[in-house]
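Coordinate inspection notes
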Amino acid sequence: MAAPPGGFYMPPQEQPAYNYQAPVQNQPGMNAPMMPQGQGQFPAPVQTEDGAWMGPVAEQMVPLNCPPGLEYLTMIDQLMIKQKVEMLEALAGVFGYGLETANKYKVKNSVGQNVYKAVEDTDCCTRICCGPLRAFDMIIKDNADQEVIHLNRPYR
């Protein structure tokens, strides 16, 4: 074996005396298909004025004791959250005014379908005076406008 250039020498690697097996990559049951064969990963989207929403999850695909509205989370491995830009807030910022509107978000799956919508519930005075330290409630709703998650953050 010739030495590599630059005088660097690496001794030959010994083979381990034990029988090496590759680590388990998936838990049992991970390879079972979530959807019946021949269908896509997500149900057919539902089109509304807000855009394409993730379609309803088939009843047989919903795990036991899954709270209503959260069955969508059993079908996905990531969520993308996009904040809605308020033009009034953007224009006020350009002119140096500290106007803050309630933040609104779209929660989407990996193919861009809406899964949830979220709205911050605070008053204008709290948003302006307390800034990012403010207390707020975040109400997360599904495409039927039913509240599925309610987050509460106290003042920090």
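The structure under discussion appears in the preceding block.
Reading the values: rules and limits
Residues numbered from 1 in each chain as written. Predicted model: local features only at pLDDT ≥ 70, side-chain atom pairs only at ≥ 80, totals over all residues. Heavy atoms only, no water. Helix = DSSP H or I, 4+ residues; strand = E, 2+ residues; numbered from the N terminus. Buried < 20%, exposed > 50% of the residue type's maximum accessible area, 1.4 Å probe, protein only. Contact = heavy atoms within 4.5 Å. Areas by Shrake-Rupley, 256 points an atom, 1.4 Å probe, with all protein chains shown as cover. Patch = residues over 30% accessible without salt bridge, like charges linked within 9 Å, V, L, I, M, F, W, Y side chains within 5 Å. Salt bridge = Lys/Arg side-chain N within 4 Å of Asp/Glu carboxyl O. Disulfide = S-S within 2.5 Å. Phe/Tyr/Trp six-rings, centres within 6.5 Å; stacked < 30°, edge-to-face > 60°. Core = buried A, V, L, I, M, F, W, Y, C linked by side-chain atoms within 4.5 Å.

Counting secondary structure elements, the protein contains 2 helices and 7 strands. If you list the helices and strands of the protein from N to C, you get β-β-β-α-β-β-α-β-β. Each of the 156 residues in the protein was classed as buried or not, and the buried ones make up 23%. Taking the intrachain contacts of the protein between residues at least 6 apart in sequence as the baseline, contacts between residues at least 24 apart amount to 42%. Carbon and sulfur atoms provide 58% of the accessible area of the protein, an area that totals close to 11700 Å².

Let us look at a nonpolar patch on the surface. A surface patch of nonpolar side chains, amounting to about 510 Å² of accessible area, comprises L91, V94, F95 and Y97. By secondary structure assignment, the location of L91 is in helix α1 (residues 87-94).

This part is about the pattern of salt bridges. According to the stated counting rule, one finds 2 salt bridges in the structure shown. Put simply, K117 and D145 hold a salt bridge, and the shortest N to O gap is 3.3 Å. A residue pair is termed long-range when its members are at least 10 positions apart, and K117 in strand β5 (residues 114-121) and D145 in the loop between β6 (136-141) and β7 (147-153) qualify at 28 residues. The class of K117 is partly exposed, set by a relative accessible area of 22%. Notably, a salt bridge pairs R134 with E120, separated by 2.7 Å at the nearest N-O pair.

A complete count under the given rule lists 0 disulfides for this structure. Between C130, a cysteine without a disulfide, and C129, which holds the nearest cysteine sulfur, the sulfur-to-sulfur distance is 6.1 Å. According to the relative accessible area criterion, C130 is partly exposed, its value standing at 27%.

So, about the packing of aromatic side chains. Going through the model one piece at a time under the given rule, you end up with 1 aromatic pair. Aromatic pair Y72 and Y116: ring centres 6.1 Å apart, planes at 90 degrees, arrangement edge-to-face. Pair noted here: Y72 is in the loop between β2 (51-53) and β3 (80-83) and Y116 is in strand β5, with a separation of 44 residues, a long-range link. Summarising the burial analysis for this pair, Y72 and Y116 share the class buried.

What follows deals with the environment of K141. One can find K141 in strand β6. Using a relative accessible area of 28% as the deciding quantity, one classes K141 as partly exposed. Once the C-alpha coordinates of K141 and V119 are considered, the two residues, 22 residues apart in sequence, prove to be 8.6 Å apart. Contact partners of K141, with chain neighbours within four places excluded, come to Y116, K117, Q146, E147 and V148.

As a further point, take the nonpolar core. What tends to happen in soluble globular proteins is that the nonpolar side chains get buried as a cluster. M54, Y72, Y116 and I140 are the most contacted members of the largest nonpolar core, which has 14 residues in total. Those elements giving two or more residues to this core turn out to be β5 and β6. For Y72, the contacting residues outside a window of four places in its chain are M54, G55, P56, V57, V115, Y116 and N143.

Positionally, R156 belongs in the segment after β7. Classification of R156 as exposed rests on a relative accessible area of 63%. With 26 residues separating them along the chain, R156 and C130 place their C-alpha atoms 9.4 Å apart.

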